[in-house]
Amino acid sequence: MSAALSEVPYGTLDLMILKTLNSLGAQHGYGIARRIEQVARGLLALNQGTIYPALLRLEQKGWIGSEWGTSENNRRAKFYAITRAGRKQLAAKEESWARTVAMVNLLLEDHQ
Amino acid sequence: MTPEDDLKDEIQAHLDLLAEEHERRGLSSAEARLAARRDFGGVEQMKEAYRDQRGFRWIDSLARDVRYTIRLLRKAPVFTAVAVFSLALGIGANTAVFTLLDALLLRTLPVRDSHELVEVTAQKHGEFAMISFPMYRDLRDLQDVFGGFVATAGETPYRVTIPDSAGSATELDNIPVGLVSGNYFEVLGVPPALGRFFTADDDRNPHSSEALGSVVVLSDVFWERQFGRDPRILERTISIGRSPCRVIGIAPRGFSGEVVGSSPAAWVPIVPFSSDDNLENRRGVFTAYMARLKPGVDRVRAQAAMTVLFQQLLRAEGRIRDHTEDFTIALADGATGLDVPLRRTFARPIRIVMAIVAVVLLIACANVANLLLARGAARQAEFGVRLAIGCSRRQLVAQVLTESVILSALGAFAGAAVAYGGSGALLGLISTGPAPVALDLQFGVRVFAFLAVVAIGSAVAFGLLPALRMTRVDPGPVLKKSLRAGLGGPAQRASRSFVSLQIALSLLLLIGAGLLLRSLQNLHRLDLGFRADSVLVFDLAHTPQQRDPASLSAVGSQVLRRIRQLPNVESASVSGLLLFSRSDIGAPLRIADYTPRADERVTVRYNAVSPGYLETIGMPLIDGRSIEDRDAFDAPMVAVINESMARRYFYGTRPIGRTMAIDVTRADSAPPAKAIEIIGIVRDARYNSFRQDTRPMFYVPIAQLPRSLRSLEVRTSQPASAIAAQVRQALAEVTKDIMIRRVLPLTEQVDQSLAAERLTMRLCTFFGCLALVLACVGLYGVMSYAVAQRTAEIGVRMALGANATAVVWLVFRETTHMILMGVAIGLPLALASTRLLSGFLYGLTATDPATIAIATACLVAAAALSAYIPARRATRVDPLVALRAE
């Protein structure tokens, strides 16, 4: 099944962007969207444009920073990189996500 | 480059990269672009979302928090009510006092460019020096730094007679009328609401108002009250005293003169209403002065220029022979009006009261903080879950702070109502003086700004720490633990600190109240030197038509005869000075057989009194005789002196029979040069103030130094209401020239001099008790909560055999710690800050040990009692119930 990415709640998209930037280093919007689609292995069809509001939100929170540069096709493009605060957030979110998953799993097990 | 352009560039770059990717897969360039657009999604939609994210992020999360908070607060109505109530009291009290402070000290006069106005005074070495009226005229004509220079003789009560068309007239007594120079309204920059104001032409012809008539400007309030805003008021004539005055104009609404707290009903020009004596007297002063700086001239320059001019004129005048360079002109900011007794008396007390209510607010905030912390315990689980699903701690703190701000806002709304009523009550408290205080309490921009600042400050004070403490939650353990966890360790410590702080602050206020109370007791226990009880004092305004000594003397004796005929009058007298009215007259003397030192000027205070004065007010005679009827106008001049004068000028000898004379070379008017024989010595007394040590003073018969009557003293057992009308009629039978300003018991006249002390004491006591109640409520709350938390533990102990006393002591141990901390903080704080009160204290120091001990004992007792009640409740715990609840 595939879900438009805009249906996925904020928290998850943020997590994916942070993870991407953490792994790939500085990227522009296209690069991030492409990578997310790749990693989701076709389970998601992404409206790529929707990452821009998310990138703005992350930048407002101080978890990523941006810089103007030139893209591979010589266009003016903004490059994003994760910050230290962003890295801490990523670690925390990964941990809490893992806990939530564990709790839900427990609940599901109990009812069987 | 706008952010919109930036975004466009980003989007374009992204689309191009997508298109390239598709082209690499084999699509044509047109198809690739289409495919890129498809992959990207709706551009305009995205731009909208982007703009929303940029602009409304703050507002969105704020709106969310506010909605959530309101839901929370509605689900806990008791908590909300208690919190809002405490805040309303605290914020309201602070705003009430500030409103008064604003009206008294901060509000500028409703005139044009009030920042250009200055109050003009003279000083010698920083002490008061005189600018006489003739000196003012010289300065005004020769200076060039002022756009205008104004003199005002303040407010005088007059009898105003308003003739009506039917031929009769309405007589109004005690109407305050301001005497001002002709340029007054012009210089202040006040436009007439109707008609015109004075010109220089109206302000000439000294002492001519009774003969030639004059003009008068009415205040808006008087015009409304007496004439119903009749536009035909102009050209009507009313009588101010005995002077017929044409009404030429009405002052604009809201203008009430240059003095804060007074509100003349009308203004007249000063020269026609003043005697030659006053207008030409270079040795006395009856006016105050204001000026408007010329545009571009700053106060420092003007002050220097005026000082130079002043010194020149002093030398030309010839009255001061040496050291004219010690005299300076001082220009003070005049935008808020003249610095007058009302302001001077109450400025400090009001500031002290502001500090007191600020302390009360802090205590109230501590209570609300504790309430929040207690509720925070119940919300630990909620916080844990929210943190777990990705809420940042910052967002959590923001939500809790929103709660604080909303509580504070609600408190501020309710507080505004408290402020409205409270400021009126405060004004009533300071109005216990000779004249009702006409302060216009306005709730203007400054007051609302203050309210807002106090509300926000309170929100931060009581909200920040709980917000930070409560949200310091590790989600894991909370989710695992049972939800009855209760307050965590750090929150509990914060809670206890708040209570200790409250106790400390309450102690501070109680000690202050105690010091003031005992001071007033000390003052009241002072022997005034006369018997003030059962004496009524009539404050008179006497404007005699005939001022020759014989006529004045006759009026005095006739008045006395009539008054003594009234029933229930034990004794009566008249005098030229009113006790405890802050008025003073001194006479330069030459005393036989006393040689003054080289730098000594013998000037002694005196009062001209009728026979019976000393007996009526109960001043005991120690030697010789008192003034009697035989000391008439043409009899040998006599005087009764007080002990201080005897000690000072007649040391070692018996003063009776010795003589003195008024030193004509230094006197203002032409006094009799006859020798005055001393016929009696009277006990020292306090004449004007509780605090002032007695000074030399003498009494002369009013028949021998005739003057207008200022005071009528009547010893009677009747209250003022019973006898005032009869006295008024008796006076009217003798002459129409006497107007009764006030009638009151002498005890009250004396007490009024302590108005500032009494105000401060009453408010300090009231707020001190309020603070103590708040602190005890806080302590009670915290201890109740602690006991509830430890129910299980108590149950176990009781099951194991602990008796009631042991349980109580267990609870009390915690309380003792809080109380001790509170006292440990509060005592040094009190010792440091009661210094502020030192001006009001009498007979004890700011660190009086007895008062401190009593206040501390009261506090500890009250606190112990508040903690005892929950402790007792703990002993009634049924161990089985307690254990089962675990």
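Keep in mind it's a predicted model, so treat the numbers as computed, not measured. (Residues numbered from 1 in each chain as written. Chains lettered and ligands numbered in written order. Predicted model: local features only at pLDDT ≥ 70, side-chain atom pairs only at ≥ 80, totals over all residues.)

## With respect to the overall build of chain A
Right, on to step 1. Secondary structure assignment for chain A yields 4 helices and 5 strands.
Right, on to step 2. When the helices and strands of chain A are read in sequence order from the N terminus, they spell out β-α-β-α-β-α-β-β-α.
Right, on to step 3. Residue burial in chain A is summarised as follows: out of 112 residues, 30% are buried.
Right, on to step 4. Considering only residue pairs separated by 6 or more positions, chain A has 50% of its internal contacts joining residues 24 or more positions apart. (Helix = DSSP H or I, 4+ residues; strand = E, 2+ residues; numbered from the N terminus. Buried ≥ 20, exposed ≤ 12 C-beta atoms within 10 Å, placed from the backbone. Contact = placed C-beta atoms within 7 Å.)

## Considering the overall build of chain B
Right, on to step 1. Within chain B one finds 27 helices and 22 strands.
Right, on to step 2. Relative to the 2.2 N^0.38 estimate, which gives 29 Å for 886 residues, the radius of gyration of chain B is 38 Å and therefore markedly larger than a compact globule would have.
Right, on to step 3. Summarising the internal contacts of chain B: among those between residues at least 6 apart in sequence, 83% fall at separations of at least 24. (Rg over C-alpha atoms; globule rule 2.2 N^0.38 Å.)

## Observations regarding the environment of Ala-799 of chain B
Right, on to step 1. Within the secondary structure, Ala-799 of chain B sits in helix α24 (residues 791-799).
Right, on to step 2. As for Ala-799 of chain B and Leu-880 of chain B, which are separated by 81 residues in sequence, their C-alpha atoms are 8.1 Å apart.

## Quick look at the nonpolar core
Residue and element names in this part refer to chain B.
Right, on to step 1. One finds Val-216, Val-360 and Ala-771 to be the most contacted residues of the largest nonpolar core, which totals 165 residues.
Right, on to step 2. At 20 residues, helix α12 (residues 341-378) tops the list of elements feeding residues into this core.
Right, on to step 3. In contact with Ala-771, other than residues within four places in its own chain, are Val-359, Val-360, Ile-363, Leu-505, Ser-506 and Leu-509.
Right, on to step 4. By size, the runner-up hydrophobic cluster in this structure holds 66 residues, among which are Leu-578, Met-645, Phe-698 and Leu-746. (Core = buried A, V, L, I, M, F, W, Y, C linked by C-beta atoms within 7 Å.)

## Focus on the sheet that holds strand β2 (residues 27-28) of chain A
Residue and element names in this part refer to chain A.
Right, on to step 1. Read across the open sheet, the 3 strands follow the order β2-β5-β4; overall the sheet is antiparallel. The two strands at the open ends of the sheet, each matched to only one other strand, are β2 and β4 (64-70).
Right, on to step 2. In terms of strand pairing, β4 meets strand β5 (residues 76-82) through 7 bridges, oriented antiparallel. Bridge pairing in β5 links Thr-70 to Arg-76.
Right, on to step 3. Lying over the sheet, helix α3 (residues 51-60) contacts β4 and β5, oriented at roughly 125 degrees with respect to β4. (Pairing = 2+ DSSP bridges. Axes fitted to C-alpha atoms, helices over the stretch in contact; angles between N-to-C directions.)

## Let's talk about the packing of helix α4 (residues 77-106) of chain B against helix α15 (residues 445-470) of chain B
All names here are of chain B.
Right, on to step 1. Where α4 meets α15, the closest approach of the two axes is 9 Å, and the angle between their N-to-C directions is 145 degrees. Crossing geometry of α4 relative to α15 is assigned as right-handed. Listed contacts from α15 to Leu-87, Gly-90, Ile-91, Asn-94, Thr-95, Phe-98, Thr-99, Asp-102 and Leu-106 of α4 are Arg-446, Val-447, Phe-450, Leu-451, Val-454, Ala-455 and Ser-458.
Right, on to step 2. Broken down by class, the residue content of the contact of α4 with α15 amounts to 9 nonpolar, 5 polar and 2 charged. (Left-handed = near helix turned anticlockwise from the far one by under 90°. Nonpolar A, V, L, I, M, F, W, Y, C, P; charged D, E, K, R; others polar.)

## A look at the pairing of strand β7 (residues 237-240) of chain B
Residue and element names in this part refer to chain B.
Right, on to step 1. Summarising the sheet, strand β3 (residues 146-163) and β7 pair through 2 bridges and their orientation is antiparallel. Looking across to β7, one finds that Val-160 is bridged to Ile-240.
Right, on to step 2. Relative to strand β8 (residues 243-250), β7 is paired through 4 bridges, and the arrangement is antiparallel. When the bridges of β8 are listed, Ile-238 appears paired with Cys-245.

## Some thoughts on the interface of chain B and chain A
Right, on to step 1. Between chain B and chain A, the residue contacts involve 22 residues of the former and 23 residues of the latter.
Right, on to step 2. Sorting the residues of the side of chain B that touches chain A by element identifies α1 (3-24), α2 (29-40) and α3 (43-75) of chain B as the ones contributing at least two each.
Right, on to step 3. Residue contributions to the side of chain B that touches chain A peak at 9 residues, all from α1 of chain B.
Right, on to step 4. Within the side of chain B that touches chain A, the residues separate by chemical class into 10 nonpolar, 5 polar and 7 charged.

## What to know about α2 of chain B
Residues and elements named next belong to chain B.
Right, on to step 1. Helix length check: α2 (12 residues) gives 16 Å between terminal C-alpha atoms against 16 Å at 1.5 Å per residue, within 8%.
Right, on to step 2. Among the residues making up α2, those that are buried are Ala-32, Ala-36, Asp-39 and Phe-40. On an axial view of α2, the arc spanned by its buried residues comes to 95 degrees, and they lie on one face. Opposite the packed face of α2, turned more than 90 degrees from it, sit the exposed residues Ala-30 and Arg-38.
Right, on to step 3. Directly beyond the C-terminal end of α2, a positive phi value near 95 degrees is found at Gly-41. (Expected span 1.5 Å × (residues − 1). Arc of directions from axis to C-beta.)

## Some words on the domain arrangement of chain B
Right, on to step 1. Domain boundaries assigned for chain B yield domain 1 (3-62), domain 2 (114-333), domain 3 (344-524 + 755-885) and domain 4 (544-736).
Right, on to step 2. Centre-to-centre, using C-alpha coordinates, domain 1 of chain B lies 101 Å away from domain 4 of chain B. (Domains from an automatic or database assignment.)

## Concerning the packing of helix α25 (residues 804-833) of chain B against helix α26 (residues 849-875) of chain B
Residue and element names in this part refer to chain B.
Right, on to step 1. Running from N to C, α25 and α26 cross one another at 145 degrees; their axes reach a closest spacing of 9 Å. In the packing of α25 onto α26, the handedness of the crossing is right-handed. Where α25 approaches α26, its residues Ala-804, Val-807, Val-808, Val-811, Phe-812, Thr-815, Ile-819 and Val-823 are matched on the opposing element by Thr-856, Val-860, Ala-863, Ala-867, Pro-870, Ala-871, Arg-872, Ala-874 and Thr-875.

## Examining unusual backbone geometry
Residue and element names in this part refer to chain B.
Right, on to step 1. Positive phi is not limited to glycine here, since Ser-534 has a value of about 65 degrees.
Right, on to step 2. Topologically, Ser-534 is positioned in the loop between α17 (489-525) and β12 (535-542).
Right, on to step 3. Residue classification places Ser-534 among the partly exposed residues on the basis of 16 C-beta atoms within 10 Å.
Right, on to step 4. In this structure, Asp-593 takes a positive phi of about 65 degrees despite not being glycine.
Right, on to step 5. Within the secondary structure, Asp-593 is located in the loop between β14 (586-591) and β15 (603-609).
Right, on to step 6. The exposure class assigned to Asp-593 is exposed, which follows from the 10 C-beta atoms found within 10 Å.

## Some remarks on the environment of Pro-77 of chain B
Residues and elements named next belong to chain B.
Right, on to step 1. With respect to the secondary-structure elements, Pro-77 resides in helix α4.
Right, on to step 2. Classification of Pro-77 by C-beta neighbours within 10 Å gives exposed; the count is 9.
Right, on to step 3. Sequence-wise, Pro-77 and Ile-681 are 604 residues apart; in three dimensions their C-alpha atoms are separated by 74 Å.

## Remarks on α12 of chain B
Right, on to step 1. When the terminal C-alpha atoms of α12 of chain B are compared, their 56 Å separation across 38 residues agrees well with the 56 Å that a helix rising 1.5 Å per residue should span.
Right, on to step 2. Of all the bends in α12 of chain B, the greatest, near 35 degrees, is centred on Ala-347 of chain B, and the proline Pro-349 of chain B appears no more than four residues after it. (Bend = angle between axes of the 7 residues up to and from the residue.)

## Observations regarding the confidence of the model for chain B
Right, on to step 1. Considering every residue of chain B, the mean pLDDT works out to 86; 95% of them sit at 70 or more.
Right, on to step 2. Across residues 482-486 of chain B the pLDDT falls below 50, and counting only partners more than four positions away or on other chains, this stretch makes 5 contacts in the model. (pLDDT = per-residue confidence, 0-100.)

## Observations concerning the pairing of β8 of chain B
Two faces make up the sheet, and in a regular strand the side chains alternate between them.
Residues and elements named next belong to chain B.
Right, on to step 1. Alignment of strand β5 (residues 194-195) against β8, held across 2 bridges, turns out to be antiparallel. Bridge pairing in β8 places Gly-195 opposite Gly-249.
Right, on to step 2. Pairing between strand β6 (residues 214-218) and β8: 5 bridges, direction parallel. If you follow Val-215 over to β8, its bridge partner there is Arg-246.
Right, on to step 3. As consecutive antiparallel partners, β7 and β8 are separated by 2 residues, and within that stretch Gly-241 has a phi angle of approximately 65 degrees, a positive value.

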